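# Survey of secondary and tertiary structure
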Amino acid sequence: MSLPIAKIRQAFPILRRLIDGHPLAYLDNAATTQKPDGVLDAMNAYYRTQNANAHRGMHPLAEEATDAYEGARGVVQKFLHACHSEEIIFTKSCTEAINLAAKSWGRTNLHPGDRVILTILEHHSNIIPWIQLKEERGIELQWVDIDDDGNLRFDRLERFLHEGNAKLVAITGQSNVLGMQPPLQEIIGRSHAAGARVLVDAAQLVAHHPIDVQKLDCDFLAFSGHKLYGPTGIGVLYGKREFLEHMPPMLGGGGMVQNVTEESFIPLDPPARFEAGTPPIAEAVGLAAAIDWLSQFSWEDIIHHEQQLLVHAGVVLSSIPNLTILGRFPLQPTPYNLPPRTGCLSFTLDNLHPHDLTEILGREGICLRAGHHCAEPLHRRLGFAASTRLSIALYNTPEEINRLPAAIERAREILTGKTADSARAHGRVANYKLQTTH
Amino acid sequence: MDLYAENILDHYRNPRGKSPLLPQRERGQGRGPIQHTESNPACGDEITVGISLQNDHISEICWDGTGCAISQAAMSMLSEELEGKTLEDIDHLTKDSLLALLGVPIGPRRLKCALLGLHACKNALCQFQKIPLRSWSETVA
Ligand SMILES: Cc1ncc(COP(=O)(O)O)c(C=O)c1O
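Calculation notes
Residues numbered from 1 in each chain as written. Chains lettered and ligands numbered in written order. Predicted model: local features only at pLDDT ≥ 70, side-chain atom pairs only at ≥ 80, totals over all residues. Heavy atoms only, no water. Helix = DSSP H or I, 4+ residues; strand = E, 2+ residues; numbered from the N terminus. Rg over C-alpha atoms; globule rule 2.2 N^0.38 Å. Buried < 20%, exposed > 50% of the residue type's maximum accessible area, 1.4 Å probe, protein only. Contact = heavy atoms within 4.5 Å. Areas by Shrake-Rupley, 256 points an atom, 1.4 Å probe, with all protein chains shown as cover. Lys, Arg positive; Asp, Glu negative; His and termini not counted. Charge placed at Lys NZ, Arg CZ, Asp CG, Glu CD. Arc of directions from axis to C-beta. Axes fitted to C-alpha atoms, helices over the stretch in contact; angles between N-to-C directions. Parallel < 35°, antiparallel > 145°, perpendicular 65-115°, else oblique. Nonpolar A, V, L, I, M, F, W, Y, C, P; charged D, E, K, R; others polar. Near = heavy atom within 4 Å. Polar contact = N/O pair within 3.5 Å; in protein donor to acceptor, adjacent residues only side chain to side chain. Core = buried A, V, L, I, M, F, W, Y, C linked by side-chain atoms within 4.5 Å. Domains from an automatic or database assignment. Buried area = accessible area lost by both parts, 1.4 Å probe. Salt bridge = Lys/Arg side-chain N within 4 Å of Asp/Glu carboxyl O. Pairing = 2+ DSSP bridges.

The helix and strand tally for chain A stands at 16 helices and 17 strands. Relative to the compact-globule value of 22 Å for 438 residues, chain A shows a C-alpha radius of gyration of 23 Å, a close match. Its C-alpha atoms give chain A principal-axis dimensions of about 75 × 55 × 40 Å. Put simply, chain A has 438 residues, and 55% of those count as buried. Long-range pairs, those at least 24 residues apart, make up 72% of the contacts in chain A between residues at least 6 apart in sequence. When the accessible surface of chain A is split by element, carbon and sulfur atoms take 52% of a total near 17800 Å². Computed over 40 positive and 49 negative side-chain charges, the separation of the two mean positions in chain A equals 5 Å.

Next comes the structure, spelled out in structure tokens:
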């Protein structure tokens, strides 16, 4: 079955917005996705009819708010296929979730000389907490490189694992620049065999691929609600219960203690132990609504639609003279038969700065992201200071992507004063016709 | 008025005063030009300015760097503006005088692009005067 795209688009009020008379082509979904009515309505209804503080009070509203919040935890648990609901910790973001793992599990379990293995694909939020731990604890960081096609050097990972003392592999489930998905199942298996734990940064993966934490057997997994059609201000850290039980709280405050004296405190069990202070209740409700909304579609259909879109984007962009897609494209099968690129691809054009390009595209309602996308080490590795990123969601259409070549040519002409034809004379020749599905 | 007005694009495509700068170690003890680098943390754009002085006047100002059309054009225009001026003139430059020089509407999201060159010049001066460097918020304020 194919996805009812027109009906899906109806559910997102913002997609009807015009920018200076141009329809919106929102292709910056890796930064944050738009939110369907179901999410907006659920949060609105919560505030209008149930709002109270959770886990703090005996009145009816307090009970409803607590139910709503804990109900959301159950929805996330099912979505990730976690064994226990206590394994789901609500945070404010994926960033906070990774920091919680580093500052609680990392500080307790990592000692001078221990090694944490990262990949060059990582987002800053899965880099900096570990650098901080390196400075604080004297742990060592090892970086797994990519090959020139952008695929992870599995051999390097294995070498690091064999060298010993690897205590943790902290790895992205899907690159927010190249869109490639490292073979998680394989990596987790090898890491465990070498005695290392694995943390998965699923910020990008979560909206594009089903996640089963039991099958993956990852030890920690983090994501943000806002990249999953949910609200900002809520993230999740999944952790295996056996680890969470022995981790100290990162923040101290209300809602996380059994009892407190003037001298000491005894923390509650997970997950409350890690959720000091009033939690993001409405945001949790919104996240659960987003998951419910997304669950009406099958992953098979979502993956099929998004793969087609991204291949289409790759083909359309490849037709533009002097445009270079980072990592190998068109889509090639990768080792382990994983989908080659998912969710996003990034490119450079002539030596035009991505800020100028996206500023001008933005005037026509085409929203792309410019910069290093919080992945500076990866950009340095690829030899570019910055790039322009196109990232898709299930509401995007080939027609939106088809607007790019002409708009990019107009931008090029404004910035360089040269037309595509003169650019083409210097670059490779393209004789590609726009491909339209539907 | 468009952000990408003709004069901006002209400076972007043909930047004035842009030339590779001498590496630090070849500039001799205190005799070479004042040289200072600033970057825009939001995007990693970077500009290095080199200012040569003769009797308190700027005899030469050159710069190098990478960045968007706005940051490059602004630095190009600024280097023309400062040629022959005094260090005091750099001190008197403000955000508003730079925006007036550009003559196009600069929205909040491009403000740091427009001010990167100014920020570098201001801090080159601070470095020369051995006073603490200015923060971005002082330049943007
Ligand atoms: C791969 C990856 N990890 C982590 C994050 C951090 O997410 P957040 O900013 O929502 O905490 C992002 C967001 O851009 C991301 O793309």
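Moving on to helix α5 (residues 128–137) of chain A. Residue and element names in this part refer to chain A. Taken as a whole, α5 has its buried residues at Pro-129, Trp-130 and Leu-133. Looking straight down α5, one finds that the buried residues subtend no more than 95 degrees of arc, so they occupy a single side. Where the residues of α5 are buried, they touch α4 (94–109), β5 (115–119), β6 (140–144), β7 (166–172) and β8 (197–201). Phi turns positive one or two residues past the end of α5, at Gly-138, with a value near 75 degrees.

Turning to the packing of helix α4 (residues 95–102) of chain B against helix α5 (residues 111–128) of chain B, a few remarks are in order. Residues and elements named next belong to chain B. Where α4 meets α5, the axes come as close as 10 Å, and the angle between the chain directions of the two elements is 105 degrees. In terms of axis orientation, α4 runs roughly perpendicular to α5. Across the interface between the two elements, Lys-95, Leu-98, Leu-99 and Leu-102 of α4 pack against Leu-111, Ala-114, Leu-115 and Leu-118 of α5. Residues belonging to the contact of α4 with α5 are distributed by class as follows: seven nonpolar, no polar and one charged.

Quick look at the site of the ligand now. Residue and element names in this part refer to chain A. Neighbouring residues of the ligand: Ser-93, Cys-94, Thr-95, His-123, Ser-125, Asn-176, Asp-201, Ala-203, Gln-204, Ser-224, His-226 and Lys-227. Within the side chain of Gln-204, one N or O atom sits 2.6 Å away from an oxygen atom of the ligand. At 2.6 Å from an oxygen atom of the ligand is found a side-chain nitrogen or oxygen belonging to His-226. Contact with the protein chains hides 88% of the accessible area of the ligand, taken as 400 Å² for the molecule alone.

Right, let's get into the nonpolar core. The biggest cluster of nonpolar side chains holds 79 residues, and the ones touching the most others in it are Leu80(A), Leu221(A), Phe223(A), Tyr229(A) and Leu394(A). Top contributing element to this core by residue count: helix α10 (residues 281–294) of chain A, with 11 residues. Among the nonpolar cores identified, the runner-up in size contains 67 residues, and Ile401(A), Ile8(B), Leu102(B) and Ala114(B) belong to it.

Right, let's talk about the domain arrangement of chain A for a bit. All names here are of chain A. Looking at the assigned domains, one finds that chain A contains domain 1 (5–30 + 298–425) and domain 2 (39–294). The straight-line distance from the C-alpha centre of domain 1 to that of domain 2 is 29 Å. Across the boundary between the two partners, domain 1 contributes 38 residues, which contact 37 residues of domain 2. Each partner contributes to the roughly 3000 Å² buried at the junction of domain 1 and domain 2, and carbon and sulfur atoms together form 61% of this total. Here domain 1 is connected to domain 2 by two salt bridges. In this structure, Asp-145 and Arg-381 form a salt bridge, with 2.7 Å as the shortest nitrogen-oxygen distance. The interface formed by domain 1 and domain 2 contains 16 residue pairs in polar contact (both at pLDDT 80 or more). The element that contributes the greatest number of residues to the side of domain 1 that touches domain 2 is helix α13 (residues 376–382), accounting for six residues. Looking at the side of domain 1 that touches domain 2 residue by residue, the class counts come to 24 nonpolar, eight polar and six charged.

Attention now moves to the sheet that holds β5(A). Residue and element names in this part refer to chain A. Pairing is mixed across the open sheet formed by seven strands, whose spatial order is β4-β10-β9-β8-β7-β5-β6. Strands at the two margins of the open sheet, each flanked by one partner only, are β4 (88–91) and β6. Between one strand axis and the next, the sheet turns by 20 degrees as a mean value, whatever way the strands run. Bridging between β7 and β8 involves five bridges; their strand directions are parallel. Counterpart to Val-169 in the pairing with β8 is Val-198. Taken strand by strand, α4 contacts β4, β7, β8, β9 (220–224) and β10 (235–239), and its axis lies near 150 degrees from that of β9.

As a further point, take the environment of Asn351(A). Positionally, Asn351(A) belongs in the loop between β14 (344–349) and α12 (354–363). Residues Asn351(A) and Thr416(A), spaced 65 residues apart in sequence, show a C-alpha to C-alpha distance of 9.8 Å.

This next bit is on the interface of chain B and chain A. At the junction of the two partners, chain B supplies 15 residues and chain A supplies 14 residues. Interface area, chain B with chain A, both sides summed: about 1200 Å², of which 45% is carbon and sulfur. Linking chain B with chain A are four salt bridges, by the criterion used here. Across the salt bridge formed by Asp356(A) and Arg110(B), the nearest N and O atoms sit 2.9 Å from each other. Between chain B and chain A we count 10 residue pairs in polar contact (both at pLDDT 80 or more) in total. Every element with two or more residues in the side of chain B that touches chain A is listed here: α1 (6–13) and α2 (69–82) of chain B. For the side of chain B that touches chain A, the leading source of residues is α1(B), giving three residues.

Residues and elements named next belong to chain B. Here we have three strands laid out as an open sheet, ordered β1-β2-β3, and antiparallel in their pairing. Two strands bound the open sheet, and with one partner strand each, they are β1 (34–39) and β3 (57–66). On average, each strand axis in the sheet is tilted by 15 degrees relative to the strand beside it, whichever way the strands run. Inspection of the sheet shows strand β2 (residues 46–54) paired to β3 by nine bridges, in the antiparallel sense. Note on β3: the bridge partner recorded for Ile-47 is Gly-65. Contacts from α5 reach β1, β2 and β3 within the one sheet, and its direction differs from that of β1 by about 135 degrees.

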